[in-house]
Amino acid sequence: SQQGEEDPQALSIQEGENATMNCSYKTSINNLQWYRQNSGRGLVHLILIRSNEREKHSGRLRVTLDTSKKSSSLLITASRAADTASYFCATASRMDSSYKLIFGSGTRLLVRP
Amino acid sequence: NAGVTQTPKFRVLKTGQSMTLLCAQDMNHEYMYWYRQDPGMGLRLIHYSVGEGTTAKGEVPDGYNVSRLKKQNFLLGLESAAPSQTSVYFCASTLGASSYNEQFFGPGTRLTVL
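Let me sum up the structure you'll find in this document. (Residues numbered from 1 in each chain as written. Chains lettered and ligands numbered in written order. Predicted model: local features only at pLDDT ≥ 70, side-chain atom pairs only at ≥ 80, totals over all residues. Heavy atoms only, no water.)

**Observations regarding the packing of aromatic side chains**
Scanning all chains against the criterion turns up 8 aromatic pairs over all chains. Taking the centre distance of 6.4 Å and the plane angle of 25° together, the rings of Tyr33(B) and Tyr48(B) count as stacked. With Tyr33(B) in strand S4 (residues 31-37) and Tyr48(B) in strand S5 (residues 43-51), this residue pair connects regions lying 15 residues apart in the sequence. Across the pair, Tyr48(B) and Tyr33(B) agree in class, each one buried. For the ring pair Tyr35(B) and Phe105(B), a centre distance of 5.7 Å and an interplane angle of 35° mean the geometry is tilted. Here Tyr35(B) is found in strand S4, whereas its partner Phe105(B) is found in strand S10 (residues 104-105), with 70 residues between them in sequence. With respect to class, Tyr35(B) is no different from Phe105(B); both count as buried. Members of the aromatic cluster, joined through ring pairs, are Tyr35(A), Phe103(A), Tyr33(B), Tyr35(B), Tyr48(B) and Phe105(B). (Phe/Tyr/Trp six-rings, centres within 6.5 Å; stacked < 30°, edge-to-face > 60°. Helix = DSSP H or I, 4+ residues; strand = E, 2+ residues; numbered from the N terminus. Buried < 20%, exposed > 50% of the residue type's maximum accessible area, 1.4 Å probe, protein only.)

And the structure:
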């Protein structure tokens, strides 16, 4: 079962433009994470936002969280060709003595030079 | 530090063959995970381990077995491969039980079962 669903599935923008990706989830969370996956590579952690936070920044990344709507957005400002990748949101779900991450299906971002 | 490494990078199997995927991490992480990624989907958890000598089932464990004999290694085995197991397999590790810990991923193994 997938907790997070990203929207849009694919996004194509010009270099320098902003890219916004959205994620919706189903159950209550204590944090939400965003990961990036370059083609043919593993996932890399970008940013984590806690359930009591509404907005968080990291460099050109801005993440928002609306727990009442069970949604999050990732904004990449002033995009570069190197930002071309797939972006996944992930929520932590309790699993015995640990947590597992449940990933959405991802947004494929293409930044055209 | 190499982080999380996976071997092999690519493999083609015939239906019914067996193989083992190796994951190694040098970050002294307690928790390790095996995921599979299929086109248009996020990652799905196959098995995980919360420490040396322990393993547990994830979302999609059928057809796979795992072992964690050493803290730094997590092996994923396919005893009798099926075409439905064609996928990209990722290993990940994390420091401990907290949901606030990020997971560190290996580069993946692309497996094709004919």
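**Section: the nonpolar core**
The biggest cluster of nonpolar side chains holds 21 residues, and the ones touching the most others in it are Met21(A), Leu32(A), Trp34(A), Leu74(A), Ile76(A), Tyr87(A) and Leu109(A). With near-sequence residues (within four places) excluded, Leu109(A) lies in contact with Leu11(A), Ile13(A), Ala19(A), Met21(A), Ile76(A), Asp83(A), Thr84(A), Ala85(A) and Tyr87(A). Counting residues in hydrophobic clusters, the runner-up holds 19 residues, among them Ala90(A), Tyr35(B), Leu43(B) and Leu45(B). (Core = buried A, V, L, I, M, F, W, Y, C linked by side-chain atoms within 4.5 Å. Contact = heavy atoms within 4.5 Å.)

**Overview of the sheet that holds strand S1 (residues 4-7) of chain B**
All names here are of chain B. Strand order in this open sheet of 4 strands is S1-S3-S8-S7, and the pairing throughout is antiparallel. At either end of the open sheet lies a strand with only one pairing partner, and these are S1 and strand S7 (65-67). When the angles between neighbouring strand axes are averaged without regard to direction, this sheet yields 20°. Bridge count for S1 against strand S3 (residues 19-25) is 4 bridges, and the pairing is antiparallel. Each residue of the ladder has a partner; that of Gln 6, found in S3, is Cys 23. (Pairing = 2+ DSSP bridges. Axes fitted to C-alpha atoms, helices over the stretch in contact; angles between N-to-C directions.)

**Section: the interface of chain B and chain A**
On the chain A side, the residues contacting the 23 residues of chain B number 26 residues. Of all elements in the fold, only S4 and S5 of chain B reach the threshold of two or more residues within the side of chain B that touches chain A. Counted by class, the side of chain B that touches chain A contains 13 nonpolar, 8 polar and 2 charged residues. (Nonpolar A, V, L, I, M, F, W, Y, C, P; charged D, E, K, R; others polar.)

**Some details on the state of the cysteines**
Summed over the entire model, instances satisfying the criterion amount to 2 disulfides over all chains. A disulfide bridge connects Cys23(A) with Cys89(A), and the sulfur atoms are separated by 2.0 Å. Of note, the bridge from Cys23(A) to Cys89(A) carries an S-S torsion of about 70° and is right-handed in sense. Of this pair, Cys23(A) sits in strand S3 (residues 19-24) while Cys89(A) is found in strand S9 (residues 85-95), placing the two residues 66 residues apart along the sequence. Cys89(A) carries the same exposure label as Cys23(A), and that label is buried. One disulfide bridge connects Cys23(B) with Cys91(B), the sulfur atoms lying 1.9 Å from each other. Residues Cys23(B) and Cys91(B) are joined through a disulfide that is left-handed, its torsion about the S-S bond being -75°. In this pair, Cys23(B) sits in strand S3 while Cys91(B) sits in strand S9 (residues 87-94), placing the two residues 68 residues apart along the sequence. (Disulfide = S-S within 2.5 Å.)

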